[in-house]
Amino acid sequence: MQQSTLPPATESAELIWRDGVPESATFGDVYFNRDDGLAEVRHVFVGPSQLPERFRQVSAQGHFVIAESGFGTGLNFLAAWSEWMSQRPLDDNAILHFVSVERYPLTRSDLVTALSHWPELRQLADELIELYPPLIKGTHRLVLAGGKVRLTLHFGDIAEALKQLTFKADAWFLDGFTPSQNPEMWHSGIIELVAEHCKTGTTLATFTSAGAVRRSLIECGFDIKIHPGFSHKRDMLVGQYTAGQPSREPAGGHSVAIIGAGIAGTALAWNLADRGLSVLLIDQAAEPGSAASGNPQGALYVKLGVEYNTQTELAAMALSFSQRFYGAWQSDFWHPTGLLQLASNPQEADRQRRFCERNNYPSDLMVPVDAIEASQIAGIPIRHPGLWFPGSGWLAPAEACARLTTHPRIKTQFDCQIASLQPCNNQWCIRTDRGEDLHAQSVVIAGGHEAAKLVPLPGELKLKPIRGQTTQLPEPMFNLPRTVICGSRYLNPGINGNATTGATFDLRDNNPTPTVASNQENLEALREMLPATSTSNAPDADQLEGRVAFRCTTHDYQPVAGLLQGSDGTPVDGLYLMTGLGSKGLAWAPLLAEYLGDVITDQPRCLSSRLAKPLETRRLYRT
Ligand code: SAM
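Residues numbered from 1 in each chain as written. Predicted model: local features only at pLDDT ≥ 70, side-chain atom pairs only at ≥ 80, totals over all residues. Heavy atoms only, no water.

### Points about the overall build of the chain
Phase 1 of the analysis: The helix and strand tally for the chain stands at 18 helices and 28 strands.
Phase 2 of the analysis: Relative to the compact-globule value of 25 Å for 623 residues, the chain shows a C-alpha radius of gyration of 26 Å, a close match.
Phase 3 of the analysis: Taking the principal axes of its C-alpha atoms as reference, the chain extends roughly 80 × 60 × 45 Å.
Phase 4 of the analysis: Split into buried and exposed, the 623 residues of the chain put 58% on the buried side.
Phase 5 of the analysis: Sequence separation of 24 or more characterises 73% of the internal contacts of the chain that already satisfy a separation of 6 or more.
Phase 6 of the analysis: For the chain, the accessible area works out to roughly 24700 Å², and carbon and sulfur atoms hold 49% of it. (Helix = DSSP H or I, 4+ residues; strand = E, 2+ residues; numbered from the N terminus. Rg over C-alpha atoms; globule rule 2.2 N^0.38 Å. Buried < 20%, exposed > 50% of the residue type's maximum accessible area, 1.4 Å probe, protein only. Contact = heavy atoms within 4.5 Å. Areas by Shrake-Rupley, 256 points an atom, 1.4 Å probe, with all protein chains shown as cover.)

### A word on the domain arrangement of the chain
Phase 1 of the analysis: Here the domain parsing of the chain yields domain 1 (9–241), domain 2 (255–291 + 399–460 + 566–613) and domain 3 (339–390 + 464–554).
Phase 2 of the analysis: Here domain 1 and domain 2 have C-alpha centroids that lie 33 Å from each other.
Phase 3 of the analysis: The partner domain 2 presents 16 residues to the 18 residues of domain 1 that form the contact.
Phase 4 of the analysis: Between domain 1 and domain 2, the buried area comes to about 1400 Å², and carbon and sulfur atoms account for 43% of it.
Phase 5 of the analysis: By the criterion of area lost to domain 2, the three top residues of domain 1 are Arg-141, Gln-164 and Thr-166, representing 36% of everything that side buries.
Phase 6 of the analysis: Run the count over domain 1 and domain 2 and you get three salt bridges.
Phase 7 of the analysis: The salt bridge partner of Arg-141 is Glu-594, with a shortest N-O separation of 2.5 Å.
Phase 8 of the analysis: Linking domain 1 with domain 2 are nine residue pairs in polar contact (both at pLDDT 80 or more), by the criterion used here.
Phase 9 of the analysis: Counting only elements with at least two residues in the side of domain 1 that touches domain 2, the list comes to strand E1 (63–69), strand E2 (95–102), strand E3 (138–144), strand E4 (149–155) and helix H7 (158–164). (Domains from an automatic or database assignment. Buried area = accessible area lost by both parts, 1.4 Å probe. Salt bridge = Lys/Arg side-chain N within 4 Å of Asp/Glu carboxyl O. Polar contact = N/O pair within 3.5 Å; in protein donor to acceptor, adjacent residues only side chain to side chain.)

### What to know about empty space enclosed by the protein
Phase 1 of the analysis: Within this structure, the stated rule accounts for three cavities of 30 Å³ or more.
Phase 2 of the analysis: Lining the second largest cavity are Phe-478, Leu-523, Leu-526, Arg-527, Thr-533, Ser-534, Ala-538 and Pro-539.
Phase 3 of the analysis: For the lining of the second largest cavity, the residue count by class is five nonpolar, two polar and one charged. (1 Å grid on protein atoms, 1.4 Å probe; cavity = no way out; pocket = protein on both sides within 12 Å on 5 of 7 lines; lining within 4 Å. Points joined across faces, edges and corners; volume = space filled by probe spheres on them. Nonpolar A, V, L, I, M, F, W, Y, C, P; charged D, E, K, R; others polar.)

### Notes on the confidence of the model for the chain
Phase 1 of the analysis: Mean pLDDT over the chain: 90, with 93% of residues reaching 70 or higher.
Phase 2 of the analysis: Long-range and interchain partners of residues 1–33, a stretch whose pLDDT sits below 50, account for 99 contacts in this model, where long-range means more than four residues apart. (pLDDT = per-residue confidence, 0-100.)

### Describing helix H9 (residues 211–219)
Phase 1 of the analysis: Within H9 the residues assigned to the buried category are Val-213, Ser-216 and Leu-217. Viewed end-on, H9 has its buried residues packed into an arc of 100°, placing them on one side of the element. Opposite the buried face of H9, at more than 90 degrees from it, the exposed residues are Arg-215 and Glu-219.
Phase 2 of the analysis: Considering only its buried residues, H9 is in contact with strand E5 (169–174), helix H8 (188–196), strand E6 (198–206), strand E7 (222–228) and strand E8 (235–241).
Phase 3 of the analysis: Looking one or two residues past H9, Gly-221 carries a phi angle of roughly 110°, positive in sign. (Arc of directions from axis to C-beta.)

### What about the sheet that holds strand E22 (residues 463–474)?
Phase 1 of the analysis: Sheet architecture is open: eight strands sit in the order E14-E15-E13-E23-E24-E25-E22-E26, paired in mixed fashion. Both edges of this open sheet fall to strand E14 (367–369) and strand E26 (546–554), since each of them pairs with a single strand only.
Phase 2 of the analysis: Across two bridges, the pairing between strand E24 (residues 490–491) and strand E25 (residues 498–502) is antiparallel. Directly across from Leu-491, in E25, lies its bridge partner Thr-501.
Phase 3 of the analysis: Where helix H13 (residues 371–378) meets the sheet, it contacts strand E13 (339–342), E14, strand E15 (386–389) and strand E23 (484–486), and its direction lies at approximately 105° from that of E14. (Pairing = 2+ DSSP bridges. Axes fitted to C-alpha atoms, helices over the stretch in contact; angles between N-to-C directions.)

### Topic: the nonpolar core
Phase 1 of the analysis: One finds Ile-66, Phe-77 and Trp-172 to be the most contacted residues of the largest nonpolar core, which totals 77 residues.
Phase 2 of the analysis: Counting residues per element, this core draws most heavily on helix H4 (residues 75–87), which supplies seven residues.
Phase 3 of the analysis: For Phe-77, the contacting residues outside a window of four places in its chain are Phe-71, Phe-98, Leu-128, Leu-144, Val-149 and Leu-151.
Phase 4 of the analysis: Ranked by size, the runner-up nonpolar core spans 74 residues in total, among them Ala-261, Met-317, Phe-333 and Leu-387. (Core = buried A, V, L, I, M, F, W, Y, C linked by side-chain atoms within 4.5 Å.)

### Describing the site of the ligand
Phase 1 of the analysis: Near the ligand, the surroundings consist of 23 residues, among which Glu-68, Gly-70, Thr-73, Glu-102 and Asp-157 are the closest.
Phase 2 of the analysis: Glu-68 places a side-chain nitrogen or oxygen 2.8 Å from a nitrogen atom of the ligand.
Phase 3 of the analysis: Taking Asn-76, its main chain carries an N or O atom lying 2.8 Å from an oxygen atom of the ligand.
Phase 4 of the analysis: Here the ligand loses 100% of its free accessible area of 600 Å² to cover by the protein chains.
Phase 5 of the analysis: Across the shell around the ligand, the residue classes break down as nine nonpolar, nine polar and five charged. (Near = heavy atom within 4 Å.)

### Quick word on the pattern of salt bridges
Phase 1 of the analysis: Under the counting rule described, the total for this entry stands at 31 salt bridges.
Phase 2 of the analysis: The partner of Asp-598 in a salt bridge is Arg-275, with the nearest N and O atoms 2.9 Å apart. On the criterion of sequence distance, the pair formed by Asp-598 in helix H17 (residues 585–601) and Arg-275 in the loop between helix H10 (263–274) and strand E10 (278–282) is long-range, its members being 323 residues apart. Residue Asp-598 shares its accessibility class with Arg-275, and that shared class is buried.

### Description of the side chain of Thr-471
Phase 1 of the analysis: Structurally, Thr-471 is set in strand E22.
Phase 2 of the analysis: Judged by relative accessible area, which is 0%, Thr-471 ranks as buried.
Phase 3 of the analysis: At a separation of 2.6 Å, a polar atom in the side chain of Thr-471 contacts the side chain of Asn-519.
Phase 4 of the analysis: Aside from chain neighbours lying at most four places away, what touches Thr-471 is Ala-499, Thr-500, Thr-501, Ser-518, Asn-519, Asn-522, Leu-544, Glu-545 and Gly-546.

Below, the structure is given as structure tokens:
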């Protein structure tokens, strides 16, 4: 849409980082008095891009990608989404991807005000508002309309976004303020980047008819035509990319086998099945979530670094994506009680002090609290300050794994050991210990610390199991909080008469049986961190139940998700690895599943290339 002026950069949004310019803006009248906005969107973008016809032509397993410069209120997005829903049959699996960039994102409350202008889009707007991400720089993925619509929303500058994002558009909407007012969004370097995200036949529509923009577009390979503009605007531009490669039709009926039915494997199975793929989920155990994902309760948390580097950004994105993902399972296995991360020792207090000085996270993700506020939030006396994550909580991991296998396109094979994994006739053949051969076009190894021995390549992978024992605390014998508390231990609120605390971190111990010593260690650490939880009739360690599991960690404590590479970096076609989630599997799994889902189906990636790089498998080889 044409806007005449660039909004002033002000402090309106809660954004982002203290270092650097405030990247937020108030939009005032620019957005809030636009009764003809929807007619304009249809005239400038929907019609000239021939969306209705092209949407109808997408195959039942296919996808269509719209890319946009300038998300603003999301009106273009909602209009495209609404058109998609009206053109597609109710029961298909095709996906509309919308990739948009916004340097000055609206706050949620400004978004509510702006979108209230279009009652006909109310239902879609409400869903967008509900899932609107925290205002953190970087790439956010929103899964809407039950997975039929996926929004990749990058908060940051367009140039940086287009260098980092991986996608090819079917249609480009060049929006943004007028080129004369906002030249940095329209210069030839940006148009070159736009062209890099095109394939033969990609269309382009823009409200502007500025000569410089038209010339740049032609130079970059677009065939450009002038169309009548909207309302008082005489002209606008419509184009088609004539250079590049034609689009590849997605292969229908793609089958994927996933080895490992923990939270990584089941989240991925759900993700792929939801995109229309047939999934075979295999595990040696008798049921899903039997190993590291089998504790009665698990906290949803990440530790955000003092520096906002790639690792921190990945962790923040994983946390916020997982909160949105689990939000759909609230009446089921997800308990959004909020989570306190306590500064329970001098080192952590110092770390949190530096973290708070350095960063300014939006309050919907995280707020620093003092000991009094922490006590009020948790409902028990707490002596330490900490960080409050209002959108976090805990889940019942084994229940989560079980629910995530219930998709009708997932078949399961439990009690099934893998004897070998080999390529055969452009597929993978999985031989089981029963002598049965299972086939799939792609295989994902998500077998925790046992993944290493399943990889059919020479070389040893740097994956190690770390023992963790949790302890069950009977409810009347302990004072339990109403939120999750993390520090040197985590403690969950009670459920069905028990609360889970833990876990030990036993580097050189492979004992699979719970021990009294580990229960004792958990109790002592808990007493130290939260003395108020103890009561006079608290039982001894030998009267408590424990559970042992082995987390799978990598040498750099970062997870792994991607196409398997040999030690020389050569990719192995159709074979993927997803493991190394450590003790943060509940937070990592949904985003990494979404990312691998994008990779396997060749859809726009939810992670920038900078964030995807540290997930690669090659780094795992011992040299
Ligand atoms: N498509 C929007 C909608 O449907 O509401 C309207 C977009 S508005 C006309 C232009 C947007 O471009 C503004 O929200 C503005 O903040 C954003 N913008 C301006 N310069 C930018 C830049 N360099 N990088 C990314 N976004 C930018």
